[in-house]
Amino acid sequence: MYQNTNSDGIPDRDGKVYWNFNALVGLFFPAVTGIMAGSNRSASLKDTQRSIPVGTLSATLVTTLLYLVSVFLFGAVANREKLLTDRLLTATIAWPFPVVIRVGIILSTLGAALQSLTGAPRLLAAIANDDILPVLNCFRVADTNAPSWRPRWKFHHWLLSLLGALLCVVIMFLISWLFTVVSLALASLIYYYVSIKGKAGDWGDGFKSAYFQLALRSLRSLGAKQVHPKNWYPIPLIFCRPWGKLPENVPCHPKLADFANCMKKKGRGMSIFVNILDGDYHECAEDAKEACKQLDTYINYKNCEGVAEIVVATNMTEGFRGIVQTMGLGNLKPNIVVVRYPEIWRRENLKEIPTRFVGIINDCIVANKAVVIVKGLDEWPNEYQRQYGSIDLYWIVRDGGLMLLLSQLLLTKESFESCKIQVFCIAEEDSDAESLKADVKKFLYDLRLQAEVIVITIKSWDVEGGSQQDDSIETFNDARKRVASYLAELKEAAKREGTPLMADGKAVVVDEQQVEKFLYTTLKLNTTILRYSRMAAVVLVSLPPPPINHPAYCYMEYMDLLVGNVQRLLMVRGYRRDVVTLFT
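These numbers were taken from a predicted model, which means no experiment stands behind them.

**A closer look at the sheet that holds strand S7 (residues 370-375)**
Strands pair in a sheet through their backbones, by hydrogen bonds, and they do so in one of two ways: parallel or antiparallel. The strand order across the open sheet built from 10 strands is S5-S4-S3-S6-S7-S14-S13-S8-S9-S10, with neighbouring strands paired in mixed fashion. Single-partner strands in this sheet number two, and they are strand S5 (306-313) and strand S10 (452-458). Mean inter-strand twist for the sheet, computed between neighbouring axes without regard to direction, equals 25°. Packing of helix H18 (residues 552-563) onto the sheet brings it into contact with S7 and strand S14 (569-573), and relative to S14 it is tilted by some 130°.

**Describing the pattern of salt bridges**
The tally for this structure, following the rule as stated, stands at 12 salt bridges. Across the salt bridge formed by Arg-340 and Asp-378, the nearest N and O atoms sit 3.2 Å from each other. Of the two residues, Arg-340 is situated in strand S6 (residues 336-340) and Asp-378 in the loop between S7 and strand S8 (390-395); the sequence distance between them amounts to 38 residues. For Arg-340, a relative accessible area of 18% translates into the label buried. Between Glu-557 and Arg-482 there is a salt bridge, and its shortest N-O distance comes to 3.0 Å. Here Glu-557 is found in helix H18, whereas its partner Arg-482 is found in helix H16 (residues 473-497), with 75 residues between them in sequence. Looking at Glu-557, the relative accessible area reads 0%, which means it is buried. Sharing partners across several salt bridges, the network here consists of Glu-318, Arg-321 and Asp-363.

**Side note on the nonpolar core**
If you look at the biggest cluster of nonpolar residues, it comprises 63 residues, and the most contacted ones within it are Phe-357, Met-559 and Met-571. Top contributing element to this core by residue count: H18, with 10 residues. Residues Ala-370, Met-403, Leu-410 and Leu-449 belong to the second largest nonpolar core, which totals 54 residues.

**A short note on empty space enclosed by the protein**
Remark: the empty space left among the atoms is shown by a probe the size of a water molecule rolled over them. For the structure on display, the rule yields two cavities of 30 Å³ or more. Size it by volume and the largest cavity reaches roughly 50 Å³. Lining the largest cavity, in full, are Phe-239, Met-316, Thr-317, Phe-320, Thr-355, Arg-356, Gly-359, Ile-360 and Asp-363. Secondary structure elements with two or more residues in the lining of the largest cavity: helix H12 (316-326) and helix H13 (353-366). Class assignment of the residues belonging to the lining of the largest cavity gives a composition of four nonpolar, three polar and two charged. Volume-wise, the second largest cavity comes out at about 40 Å³. A class-by-class count of the residues in the lining of the second largest cavity yields seven nonpolar, no polar and no charged.

**Looking at unusual backbone geometry**
Note that the residue after Trp-95, namely Pro-96, is joined by a cis bond; omega there is 5°. For Pro-96, the position within the fold is in the loop between helix H5 (89-93) and helix H6 (99-129). Phi at Asn-368 takes a positive value of approximately 60°, unusual for a residue other than glycine. You can see Asn-368 is positioned in the loop between H13 and S7.

**Things to note about helix H15 (residues 433-446)**
Counted at 1.5 Å a residue, the expected span for H15 with its 14 residues is 20 Å, and the 20 Å between its end C-alpha atoms agrees. Within H15, burial applies to Val-440, Leu-444 and Asp-446. On an axial view of H15, the arc spanned by its buried residues comes to 160°, and they lie on one face. H15 presents Glu-434 and Tyr-445 as exposed residues on the side facing more than 90 degrees away from its buried surface. Close packing links the buried residues of H15 with S8, helix H14 (402-411), strand S9 (420-428) and S10. Taken from the residues just after H15, Arg-448 is the one with a positive phi, measuring 60°.

**So, the packing of helix H1 (residues 21-28) against helix H7 (residues 158-175)**
H7 packs onto H1 with a crossing angle of 110° between their chain directions and a minimal axis gap of 8 Å. The angle between the axes of H1 and H7 places the two elements in the roughly perpendicular class. Both H1 and H7 take part in a crossing whose hand is left-handed. The segment H1 lies against H7, with Phe-21, Asn-22, Val-25 and Gly-26 engaging Ile-171, Leu-174 and Ile-175.

**Some remarks on the environment of Thr-317**
The residue Thr-317 is located in helix H12 in this model. We classify Thr-317 as partly exposed; its relative accessible area is 30%. Sequence separation between Thr-317 and Pro-242 is 75 residues, and the spatial gap between their C-alpha atoms is 9.6 Å.

**Notes on the pairing of S6**
The buried fraction of S6 is high, at five of five residues. Residue alternation in S6 divides its side chains into two sets, Ile-336, Val-338 and Arg-340 and Val-337 and Val-339, and both sets are buried. Where strand S3 (residues 236-239) and S6 come together, three bridges link them in parallel fashion. For Ile-238, the partnering residue across the bridge sits in S6 and is Val-338. Inspection of the sheet shows S6 paired to S7 by five bridges, in the parallel sense. Among the inter-strand pairings, Val-337 is bridged to a residue of S7, identified as Val-371.

**Here we look at the side chain of Ser-271**
Counting through the fold element by element, Ser-271 comes out in strand S4 (residues 271-278). Residue classification places Ser-271 among the buried residues on the basis of a relative accessible area of 0%. Contact partners of Ser-271, with chain neighbours within four places excluded, come to Pro-236, Ile-238, Ala-260, Lys-264, Cys-304, Glu-305, Gly-306 and Val-307.

**Re the packing of aromatic side chains**
A ring pair, where both rings are aromatic, is described by two values, the distance of the centres and the angle of the planes. For the coordinates displayed, the defined rule picks out 14 aromatic pairs. With a centroid separation of 4.6 Å and 5° between ring planes, the pair formed by Tyr-394 and Phe-424 is classed as stacked. Taken together, the positions of Tyr-394 in strand S8 and Phe-424 in strand S9 put the pair 30 residues apart, joining distant regions of the chain. With a relative accessible area of 0%, Tyr-394 lands in the buried category. Classification of Phe-424 as buried rests on a relative accessible area of 1%. Feature note: the residues Tyr-341, Phe-357, Phe-518, Tyr-555 and Tyr-558 constitute an aromatic cluster, connected by ring pairs.

Criteria and thresholds
- Within each chain, residues carry numbers counting from 1 in the order of the written sequence.
- Totals for whole chains, interfaces and linings use all residues, but because this is a predicted model, local features are given only for residues with pLDDT of at least 70 and pairs of side-chain atoms are given and counted only at 80 or more.
- To get the side-chain values, take all heavy atoms of the structure and skip hydrogens and water.
- Any two strands with at least two DSSP-identified bridges between them are counted as paired.
- Helix and strand definitions follow DSSP, with helices as H or I runs of at least four residues and strands as E runs of at least two, each counted in order from the N terminus.
- All axes here are fitted lines through C-alpha atoms, helices being fitted over the stretch that makes contact, and every angle between N-to-C directions spans 0 to 180 degrees.
- Here, residues are in contact when the closest pair of their heavy atoms is within 4.5 Å.
- Any carboxyl oxygen of Asp or Glu within 4 Å of a side-chain nitrogen of Lys or Arg constitutes a salt bridge here.
- Using a 1.4 Å probe on the protein chains alone, a residue whose accessible area is under 20% of its type maximum counts as buried, one over 50% counts as exposed, and one in between counts as partly exposed.
- Throughout this description, the term nonpolar core refers to a set of buried Ala, Val, Leu, Ile, Met, Phe, Trp, Tyr and Cys residues connected via side-chain atoms within 4.5 Å.
- Residues are said to line a cavity or pocket when one of their atoms sits within 4 Å of a point; the points come from a 1 Å grid over protein atoms alone, cavities being sets where a 1.4 Å probe fits but cannot get out and pockets being open sets with protein on both sides within 12 Å along at least five of seven lines.
- Grid points are joined across faces, edges and corners, and a volume is the space filled by probe spheres set on the points.
- Throughout this entry, Asp, Glu, Lys and Arg are counted as charged residues, while Ala, Val, Leu, Ile, Met, Phe, Trp, Tyr, Cys and Pro are counted as nonpolar. The remaining residues, Gly among them, count as polar.
- Expected span, for any helix, means 1.5 Å times one less than how many residues it has.
- Along the arc lie the directions from the helix axis toward the C-beta atoms.
- Working rule for angles: under 35 degrees goes down as roughly parallel, over 145 as roughly antiparallel, 65 to 115 as roughly perpendicular, anything else as oblique.
- Crossing handedness: left-handed means the near helix sits turned counterclockwise from the far one by under a right angle, and right-handed means the same turn made clockwise.
- Between rings of Phe, Tyr and Trp, where Trp is taken as its six-membered ring, a pair exists when centres lie within 6.5 Å; planes separated by under 30 degrees are stacked, by over 60 edge-to-face, and by other angles tilted.

Here it is in structure tokens:
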């Protein structure tokens, strides 16, 4: 039987204050929050691990008992009308003098104020000491000894804590939904500010624990089976210094981080930046930790979401072979290896690079990883350098759509958003070019990709006169002479030592006519790229696999002919699975 009262709380039919359940909860609830006064001063306790649970639970039980007894006693000594009209009923019936209650009310009021004066500053100082909000730094004190979450109290369950939190939220809305919304909004703004601008402290974060549990559950849900092409996303493994030619204080090529960001859609995704430290693990462990810290700092400076890893190995080849086998967990393993093209190898006469380069590609093929070789990395644009023209794809072999997907990811970046995509299909002179063009257009339409399709017909290689018809005959002849000289050295060494033809520590079988065919084919493709895509913002071409039993030196000669004079070139090789799905 809730009633209306005037502003003094006296029942009045015409009163403007209406008392309902929510209003009474709001009136009563402050009386049960006294236990917070003790919790706010927990840093002063001698034994926090014991005193907090025992003291809090004792205070809750004692006050609950007292409140229940008070309700019973008030109901026993007064009727409803008296309870509603006598504002100081306790003083009226007090023994021996009513003044005792009046003095007690005054002292209780002062005590509540003093509790706020002692508890609130401690909370303010604790927040300031954690360096969460810089504006509160003036309230910092020398020491706060907050209890950590390793409770000795054994009777705890997270459902009980959750229930208590939900009850608090419900009571907040019961008291005043408007102030509750305002309070939650302010708390959310502070949390957002701390998350974005705040400084990480040395305390444990409950959210981090929740994120960790969520990550574990998500990882188990992903499983180890291949994800559907609709759910496929690139996880690039960025090989920072495979050729070891960077200043000592630069842990990664600056443009590699820019390129890694181009492989993510709207900044989402994860990159793994790795480097290999030559040496013995026991001797180089501390150096590796320091190098990892420097690399992590650098990629954060470049605003590239990713993780840094440093691996110690006896040599670069063995280190990389271990990385491609073990890096990552389940379906969160890296699926694309990104390496800078070694443009310096001939200029600086680094004879070990061909073997290392071919080894990286072969290891990726065996480990079923896609490969992206970046040529012209020094000229790769950053996020502020807008590019115009086209993104040209020379689609030679089916790669599961990886090259198409990479071109679409490039278009999502501000630097390439003004470009258009052109797909060049290479066909032999006697093939049906129009039919091929129609098939490719239909395929792109089913993939929901907008691109212009261009079919280029070139003559098949002619052992007699093919190379003579090429405009780059001088380049071709120079490469052929270098390869012939290299093969002659191999043959002479094999004859001198009485062993089979050996290169890169293994036996090789070289068909010189086939080598010449590879040289001509790659040069012809390079000539075609320069003819049609000299002004392109970036060119993507299928990466030819290293021919079996060919020396690594020969493969580097093929690649040099392919990338020559092209400003920015991405050589892409898929990994035997589709990464885009048809619209069906």
